[in-house]
Amino acid sequence: MTSTDMLQIIGESGQTVSEDETGLPPEKLVEMYECMLRTRAMDERMINLQRQGRIGFYVPSTGEEAAQVGSGMVFGADDWIFPSYRMPGTLLMRGASPRAMIANCYGNSEDLCLGRQMPVHYSFAEQNVVSISSPIGTHIIHAVGTAYAMRLRKTDAVAGVFFGDGGTSSNDFHSGMNFAGVWKSPCVFVCSNNQWAISVPFEKQTASESVAVKAKAYGMPGVRVDGNDVLAVYQAVSAAVARARAGVGPTLLELMTYRRGPHSSSDDPTRYRGDQADEWLSRDPILRFRKFLERQDLWSEDREQESSTRVKDELNAAIKEVEKLPPPPLDTMFTDVYAKVPKFLREQYEHLIETEGTGHEADPDAAFPL
Ligand SMILES: Cc1ncc(C[n+]2csc(CCOP(=O)(O)OP(=O)(O)O)c2C)c(N)n1
Ligand SMILES: [Mg+2]
C-alpha cells in the first residue's frame, strides 16, 4: 500500500469491496449502528440546545460517526483513551453515559467535572477516559507516556490517542511520535483527518501527501483508512491495538472523513469554505452502514423508525431531567481539588461562606478582588 491508498471494506452502496476480517457478530454490528444513530441524534439535539441558549457551547461531529464508533468499540476496559473534543461516539461506545455528557454541557451538579471544564470537555475516570484538553496536541505526549508506563508495570494495557489533522502540526505530535517509535510505547495514534482545522484546509496544514506517510519517519506503520466506513475503522484500529498489545510497537492511523458542520457552535464555516460539505452528504457514514446491514437482513425501515424514536426519546428524557438540576454546590470549588484542603484554600472558603448571601459577591461594579 502507498501512503495515499485507503483501507475500505464497505462501498458507498453498502456492498463489500474488500474482505471483512472483523469477525463481528450481527448483534455487535447492530450495536455499532445504534451508537452511530445516538451520536448523530445527540449532535442535533445539543446544537439545538445551544441555539436556544440553554447550553453555552457545543462541538458537533456530524459525518464523523464511523470514525468515532469504529474505534471506540476496540479498546479494552483496562486500556486508556486520550480523546479529542470531537468524538462523543467513541465515549458512548465505551460506556460513557449520555446523561453525564449532557450534565457536563450544563456544568451542573451531575457534571463529573463539577462545572470546572468547558462544555464537551468530558472525562470518565471509570472508563479510563482522560480529560479532554483544549490545547491542541498536548494529550499526545500524555498518552505516549501512559502507554509506556503500562509497559513498565508489565501490564498489556495500551493507550489510544485521538486528534485531528490540525493536531499533527503541534510540537507534541512530533515529540510523541518520536518517543513512541524509539521506545516502542504501546500507543495507537488515531488522526481523524476531517480536512479542516477550524478554517485552515488540510493542504495548508502540511506539505505531505498524507498524514499516514509521517509515520515512516518515526519508524512505525502509517495506515490510511476510509473514516466513513465503520468496519474499515474497526479493522484498522483492531490491528493497531493488537500490535501495540503484543509489544511490537505503535501505529499511526489516518481516518479520512469530513467535518460537515461548523468547527463549534461559535463558528460560521460559510465565511471560509464553499459547498464541499454537500459532496460529503452522499458519503454519509450512517447511510452507508445502514445499506450494508440491510443487505445482510440485519436492518429494515421498521427497525430504523423504532430505533431512532427510542434514541431520541431517551435523549429528550435525559435532557429534561438534567436541565432541572442545580449548579454544583459552592464548596466543591474548594474540596475535590487537593486530597487535603490546604490552609490558603480553607481561608478563601471561609471568606466565601462569610460573604455568601450578603450580595457583596454579586455586585458587578465592585472593585476586584471582591
Ligand atoms: C495549542 C493550540 N493552538 C490553537 C488552538 C485553537 N484551536 C482550537 S481547535 C483548532 C483546530 C484543530 O483542528 P483539528 O486538529 O483538525 O481538529 P478538528 O477541530 O478538525 O476536530 C485550533 C487551531 C488550541 N486550542 N490549542
Ligand atoms: Mg480537522
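Residues numbered from 1 in each chain as written. Chains lettered and ligands numbered in written order. Predicted model: local features only at pLDDT ≥ 70, side-chain atom pairs only at ≥ 80, totals over all residues. Heavy atoms only, no water.

1. A word on the overall build of the protein
Within the protein, the secondary structure is distributed over 13 helices and seven strands. Radius of gyration (C-alpha) of the protein: 22 Å, near the 21 Å computed for a compact globule of 370 residues. The principal-axis extent of the C-alpha atoms belonging to the protein is close to 70 × 50 × 40 Å. Residues classed as buried in the protein amount to 54% of the 370 residues present. (Helix = DSSP H or I, 4+ residues; strand = E, 2+ residues; numbered from the N terminus. Rg over C-alpha atoms; globule rule 2.2 N^0.38 Å. Buried < 20%, exposed > 50% of the residue type's maximum accessible area, 1.4 Å probe, protein only.)

2. Description of the packing of aromatic side chains
Here the structure, examined in full by the defined rule, presents twelve aromatic pairs. For the ring pair Y148 and F179, a centre distance of 5.7 Å and an interplane angle of 85 degrees mean the geometry is edge-to-face. Taken together, the positions of Y148 in helix α5 (residues 138-152) and F179 in helix α6 (residues 171-183) put the pair 31 residues apart, joining distant regions of the chain. According to the relative accessible area criterion, Y148 is buried, its value standing at 17%. When its relative accessible area of 33% is taken as the criterion, F179 is described as partly exposed. Taking the centre distance of 5.4 Å and the plane angle of 55 degrees together, the rings of F334 and Y349 count as tilted. Of the two residues, F334 sits in the loop between α12 (301-323) and α13 (343-355) while Y349 sits in helix α13, which places them 15 residues apart along the sequence. Chaining the aromatic ring pairs together yields one cluster made of Y33, F289, F292 and W299. (Phe/Tyr/Trp six-rings, centres within 6.5 Å; stacked < 30°, edge-to-face > 60°.)

3. So, the domain arrangement of the protein
Under the domain assignment used here, the protein contains domain 1 (26-323) and domain 2 (330-362). Its C-alpha centre places domain 1 at a distance of 37 Å from the equivalent point of domain 2. (Domains from an automatic or database assignment.)

4. Structural notes on the sheet that holds strand β6 (residues 222-226)
The strand order across the open sheet formed by five strands is β1-β2-β3-β7-β6, and the pairing between neighbours is parallel. Where the open sheet ends on each side, the last strands, each with one partner, are β1 (80-82) and β6. Mean inter-strand twist for the sheet, computed between neighbouring axes without regard to direction, equals 20 degrees. Sheet topology places strand β3 (residues 187-193) next to strand β7 (residues 251-256); six bridges connect them, and they run parallel. Residue F189 lies in a different strand from β7, and its bridge partner there is L252. Relative to the sheet, helix α9 (residues 230-245) contacts β3, β6 and β7, its axis offset from that of β7 by approximately 170 degrees. (Pairing = 2+ DSSP bridges. Axes fitted to C-alpha atoms, helices over the stretch in contact; angles between N-to-C directions. Contact = heavy atoms within 4.5 Å.)

5. Brief notes about the site of ligand 1
In the region of ligand 1, 14 residues are neighbours, and Y85, R86, G166, N194 and W196 sit closest. If ligand 1 stood free it would expose 580 Å²; the protein chains cover 67% of that surface. Looking at side-chain class alone, the shell around ligand 1 contains six nonpolar, six polar and two charged residues. (Near = heavy atom within 4 Å. Areas by Shrake-Rupley, 256 points an atom, 1.4 Å probe, with all protein chains shown as cover. Nonpolar A, V, L, I, M, F, W, Y, C, P; charged D, E, K, R; others polar.)

6. A few points about the coordination of the magnesium ion (ligand 2)
Ligation of the magnesium ion (ligand 2) by protein atoms is provided by D165 (OD), N194 (OD1) and W196 (O), these donors lying 2.1 to 2.2 Å from the ion. All donors to the magnesium ion (ligand 2) come from one chain, and their sequence spacing reads D-x28-N-x1-W. You can see D165 sitting in the loop between β2 (159-164) and α6 and its partner W196 sitting in strand β4 (residues 196-197), a full 31 residues away along the chain. Pair check on accessibility: D165 and W196 agree, each one buried. (Donors = N, O, S within 2.8 Å, 3.2 Å for Na, K, Ca; no water.)

7. So, the nonpolar core
Ranked by size, the top nonpolar core spans 72 residues in total, and within it Y58, F75, Y122, L231 and F289 carry the most contacts. Not counting chain neighbours up to four residues away, the residues in contact with L231 comprise I9, I10, D20, T22, L24, L29, F289 and F292. Judged by nonpolar contacts, the second largest core, of 20 residues, contains F82, V144, F173 and V211. (Core = buried A, V, L, I, M, F, W, Y, C linked by side-chain atoms within 4.5 Å.)

8. Some points on the state of the cysteines
Within the structure shown, the criterion is met by zero disulfides. This cysteine, C35, is not joined by any disulfide, and C105 carries the nearest cysteine sulfur, 16 Å off. Here C187 stays free of any disulfide, with the sulfur of C191 as its closest cysteine sulfur at 13 Å. Its relative accessible area of 0% is what places C187 among the buried residues. (Disulfide = S-S within 2.5 Å.)

9. Here's the deal with the pairing of β6
Taken together, the five bridges between β6 and β7 define a ladder with parallel strand orientation. In the strand pairing of β7, G222 is matched with L252. Remark: the β6/α9/β7 crossover connection has right-handed handedness. (Right-handed = clockwise from strand over helix to strand, strands pointing away.)

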